[in-house]
Amino acid sequence: QVQLVESGGGLVQPGGSLRLSCAASGNIFSIYTMGWYRQAPGKQRELVAVITSGGISNYADSVKGRFTISRDFSRDNAKTTSYLQMNSLKPEDTAVYYCNAGYYTTGSSTANVWGQGTQVTVSS
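Residues numbered from 1 in each chain as written. Predicted model: local features only at pLDDT ≥ 70, side-chain atom pairs only at ≥ 80, totals over all residues. Heavy atoms only, no water.

1. Side note on the side chain of glutamate 6
No. 1: The topology assignment puts glutamate 6 in strand S1 (residues 2–7).
No. 2: Buried charged residue glutamate 6 carries no salt bridge. Nearest counter-charge: arginine 45, at 7.8 Å.
No. 3: Within the structure, glutamate 6 has its side chain in polar contact with the backbone nitrogen of glycine 117 (distance 3.0 Å).
No. 4: Those residues in contact with glutamate 6, other than ones at most four positions away along the chain, are Ser21, Cys22, Trp36, Tyr97, Tyr98, Cys99, Gly115, Gln116, Gly117 and Thr118. (Helix = DSSP H or I, 4+ residues; strand = E, 2+ residues; numbered from the N terminus. Buried < 20%, exposed > 50% of the residue type's maximum accessible area, 1.4 Å probe, protein only. Lys, Arg positive; Asp, Glu negative; His and termini not counted. Salt bridge = Lys/Arg side-chain N within 4 Å of Asp/Glu carboxyl O. Polar contact = N/O pair within 3.5 Å; in protein donor to acceptor, adjacent residues only side chain to side chain. Contact = heavy atoms within 4.5 Å.)

2. A word on unusual backbone geometry
No. 1: Phi at serine 88 is positive, roughly 50 degrees, even though this residue is not glycine.
No. 2: Residue position: serine 88 is located in the loop between strand S8 (79–86) and strand S9 (95–104).

3. Remarks on the layout of surface pockets
No. 1: In this model, the largest pocket occupies a volume close to 170 Å³.
No. 2: Residue lining of the largest pocket: 13 residues in total, with Arg38, Lys43, Glu46, Glu92 and Asp93 positioned closest to the centre.
No. 3: A breakdown of the residues in the lining of the largest pocket according to their chemical character gives two nonpolar, four polar and seven charged. (1 Å grid on protein atoms, 1.4 Å probe; cavity = no way out; pocket = protein on both sides within 12 Å on 5 of 7 lines; lining within 4 Å. Points joined across faces, edges and corners; volume = space filled by probe spheres on them. Nonpolar A, V, L, I, M, F, W, Y, C, P; charged D, E, K, R; others polar.)

4. Concerning the nonpolar core
No. 1: Counting 31 residues, the largest nonpolar core has Leu4, Met34, Trp36, Leu84, Met86 and Tyr97 as the members making the most contacts within it.
No. 2: When contributions to this core are tallied by element, the ones reaching two or more residues are S1, strand S3 (18–26), strand S4 (31–39), strand S5 (46–52), strand S7 (67–73), S8, S9 and strand S11 (118–122).
No. 3: In terms of residue count, the dominant contributor to this core is S9 (five residues). (Core = buried A, V, L, I, M, F, W, Y, C linked by side-chain atoms within 4.5 Å.)

5. A word on the state of the cysteines
No. 1: Inspection of the entire model under this criterion finds one disulfide.
No. 2: With a sulfur-sulfur separation of 2.0 Å, cysteine 22 is cross-linked through a disulfide to cysteine 99. Across the disulfide from cysteine 22 to cysteine 99, rotation about the S-S bond amounts to roughly -80 degrees, and the bridge is consequently left-handed. With cysteine 22 in strand S3 and cysteine 99 in strand S9, this residue pair connects regions lying 77 residues apart in the sequence. (Disulfide = S-S within 2.5 Å.)

6. Focus: the pairing of S5
No. 1: The sheet contact formed by S4 and S5 spans six bridges and is antiparallel. Each residue of the ladder has a partner; that of glycine 35, found in S5, is valine 50.
No. 2: The pairing of S5 with strand S6 (residues 57–59) spans three bridges and is antiparallel. Each bridged residue has a counterpart across the sheet, and for isoleucine 51 the counterpart in S6 is serine 57.
No. 3: Taken together, S5 and the strand that follows it, S6, pair antiparallel across an intervening segment of four residues, in which glycine 55 is found at a positive phi of about 90 degrees. (Pairing = 2+ DSSP bridges.)

7. Here we look at the packing of aromatic side chains
No. 1: Within the structure shown, the criterion is met by four aromatic pairs.
No. 2: Relative to tyrosine 104, the ring of tyrosine 32 lies with its centre 4.9 Å away and its plane at 45 degrees, an arrangement referred to as tilted. Within this pair, whereas tyrosine 32 is found in strand S4, its partner tyrosine 104 is found in strand S9, the two being separated by 72 residues in sequence.
No. 3: Accessibility expressed as a relative area gives 25% for tyrosine 32, which makes it partly exposed.
No. 4: We classify tyrosine 104 as partly exposed; its relative accessible area is 41%.
No. 5: Here the aromatic residues Tyr37, Tyr98 and Trp114 are joined through ring pairs into a cluster of three or more.
No. 6: The positively charged end of arginine 45 is found above the aromatic ring belonging to tryptophan 114, 4.6 Å away from the centroid. (Phe/Tyr/Trp six-rings, centres within 6.5 Å; stacked < 30°, edge-to-face > 60°. Lys NZ or Arg CZ within 6 Å of the ring centre and 35° of its normal.)

None of the figures reported here should be taken as evidence of function without further support.
So this is what it looks like as structure tokens:
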């Protein structure tokens, strides 16, 4: 099992920056991908960025060059944290941001877990 706890959302002016964090605990070495999604009012949830256990990242076209996803491990390897550094924020980035982790359960079976979501509002 894997559990996720998000933090870091808030209100920021256009052009500003925010960093979101997603701390994963439990069987963290079963995680093969961590990602960030967002959902604006009246819209479907969309992928923002994803990073694999091998460190390969991928981004939605709308955030390329502005957002950076990364991941690190705690010293005791009890937790792994994914970060989403968001720069040059635009009003259209306003949404609830959700962290996601894909992990192996038994054999080749996989599962997904979601964070609780954190609100990001970009407004002057």
